[in-house]
Amino acid sequence: MAEKTLLIDLENSPIIARVWGRREVNVIGEPIQESYLLSYAYRWLGTSKIECRSLPMYGSYKKEPENTKALSQDLRDLYAKADRVVGHNLAAFDDKIANTMFVTNNILPPNPHRVTDTLKVARKFFRFSSNSLKDLAIRLGLTPKEETGGIKLWIGCMHG
C-alpha cells in the first residue's frame, strides 16, 4: 500500500500584548490574546487539488470568531489519515501549533506520523544562502509562495 503523504501549511494569529517600547518582545507583560489557529492549506502528494480550511467556514465563527475547536478537530482528522506529513518548518512550528490547538480544545492527538520538515532537510544536506521557503523555491526553479502582504493579511483574516 502506498504511503499517504500530506503536504500542509498552518497559519495562526499573532499574539496580542501590551509592550514597553517598539519591538521589545522580551518585555512583554501578560498577553491580551494568545495566538490561535486561523487556517490551514493542504494537498495530498500525487494530487493537484489544494484544499483550505479557515475559521469563517464554521458555523460558530459569527458568534465566536476565535473558537478553533471545529477547525482543530478537522485538522486532527486530516493528520490521522496521513502516514507522513510534510511542511516547511513543520517540526518547530506547524506541528507545535497543531498540538497546542489539540490540547487546548480537549482533542486527542492523532497517532504518531512520520514528519518531513523541508527546512530541516535544507539545513542538513545543503548550504543555501537562505532557507526561507520563498528563496528555496526560487533557487530550485519552482514557483514561490505568493506574497501575502504581511501582517495586514493576518489581521484581515482575524476579522473574517
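Provided above is the structure to which this section pertains.
What you see is a predicted model; the values in this text were computed from it and never measured.

Once that is clear, we can look at the environment of E30. With respect to the helices and strands, E30 occurs in the loop between β2 (16-17) and β3 (31-33). What E30 contacts, discounting residues up to four positions off in sequence, is A17 and R18.

In terms of nonpolar packing, the biggest core is built from 26 residues, with L6, I8, L10, L37, Y40, L75 and Y79 touching the most fellow members. Once you skip the residues sitting within four places of it in the chain, Y79 turns out to touch L6, I8, L10, V85, L90, D94, D95, A98, P110 and H113.

With 13 residues, helix α1 (residues 69-81) should cover 18 Å at 1.5 Å per step; its first-to-last C-alpha distance of 19 Å lies within 8% of that length. Along α1, the positions that sit buried rather than exposed are L71, S72, L75, R76, L78 and Y79. The buried residues of α1 all sit within an arc of 160 degrees when viewed along its axis, so they share a single face. Residues of α1 that are buried in the fold lie against β1 (5-12), β4 (37-44), β5 (51-54), β6 (84-87) and α2 (90-104).

The next point concerns the packing of aromatic side chains. Counted by the stated rule, this structure contains 3 aromatic pairs. Measuring from centroid to centroid gives 6.3 Å for Y79 and F102, while their planes differ by 80 degrees, and the two rings are edge-to-face. Taken together, the positions of Y79 in helix α1 and F102 in helix α2 put the pair 23 residues apart, joining distant regions of the chain. Above the ring of W44, the side-chain terminus of K4 is found at 4.5 Å from the ring centroid.

Turning next to a nonpolar patch on the surface. Taken together, V121, F125 and F126 make up a surface patch of nonpolar side chains, about 310 Å² in accessible area. Tracing the backbone through its elements, the reader meets V121 in helix α3 (residues 118-125). With relative accessibility at 34%, the residue V121 sits in the partly exposed group.

A word on the pattern of salt bridges. One pass over the full model with this rule turns up 5 salt bridges. The shortest N-O distance in the salt bridge between R84 and E3 comes to 3.1 Å. Here R84, found in strand β6, pairs with E3, found in the segment before β1; they are 81 residues apart in sequence, far enough to count as distant. Judged by relative accessible area, R84 falls into the partly exposed class, the value being 21%. Through salt bridges that share partners, E3, R84 and R114 make up one connected network.

For the rest of this paragraph, the subject is the environment of N111. Along the chain, N111 falls in the loop between α2 and β7 (114-117). Its relative accessible area of 64% is what places N111 among the exposed residues. As for N111 and Y79, which are separated by 32 residues in sequence, their C-alpha atoms are 8.4 Å apart.

This part covers the sheet that holds β5. Spatial strand order, β5-β4-β1-β6-β7: 5 strands in an open sheet with mixed pairing. Sheet topology places β5 and β7 at the edges, where each strand pairs with a single neighbour. Looking at each pair of strands side by side, their axes are set apart by 25 degrees on average, direction ignored. The strands that α2 touches are β1, β4, β6 and β7; relative to β1, the one it contacts most, it runs at about 75 degrees.

Conventions adopted
Residues numbered from 1 in each chain as written. Predicted model: local features only at pLDDT ≥ 70, side-chain atom pairs only at ≥ 80, totals over all residues. Heavy atoms only, no water. Helix = DSSP H or I, 4+ residues; strand = E, 2+ residues; numbered from the N terminus. Contact = heavy atoms within 4.5 Å. Core = buried A, V, L, I, M, F, W, Y, C linked by side-chain atoms within 4.5 Å. Buried < 20%, exposed > 50% of the residue type's maximum accessible area, 1.4 Å probe, protein only. Expected span 1.5 Å × (residues − 1). Arc of directions from axis to C-beta. Phe/Tyr/Trp six-rings, centres within 6.5 Å; stacked < 30°, edge-to-face > 60°. Lys NZ or Arg CZ within 6 Å of the ring centre and 35° of its normal. Patch = residues over 30% accessible without salt bridge, like charges linked within 9 Å, V, L, I, M, F, W, Y side chains within 5 Å. Areas by Shrake-Rupley, 256 points an atom, 1.4 Å probe, with all protein chains shown as cover. Salt bridge = Lys/Arg side-chain N within 4 Å of Asp/Glu carboxyl O. Pairing = 2+ DSSP bridges. Axes fitted to C-alpha atoms, helices over the stretch in contact; angles between N-to-C directions.

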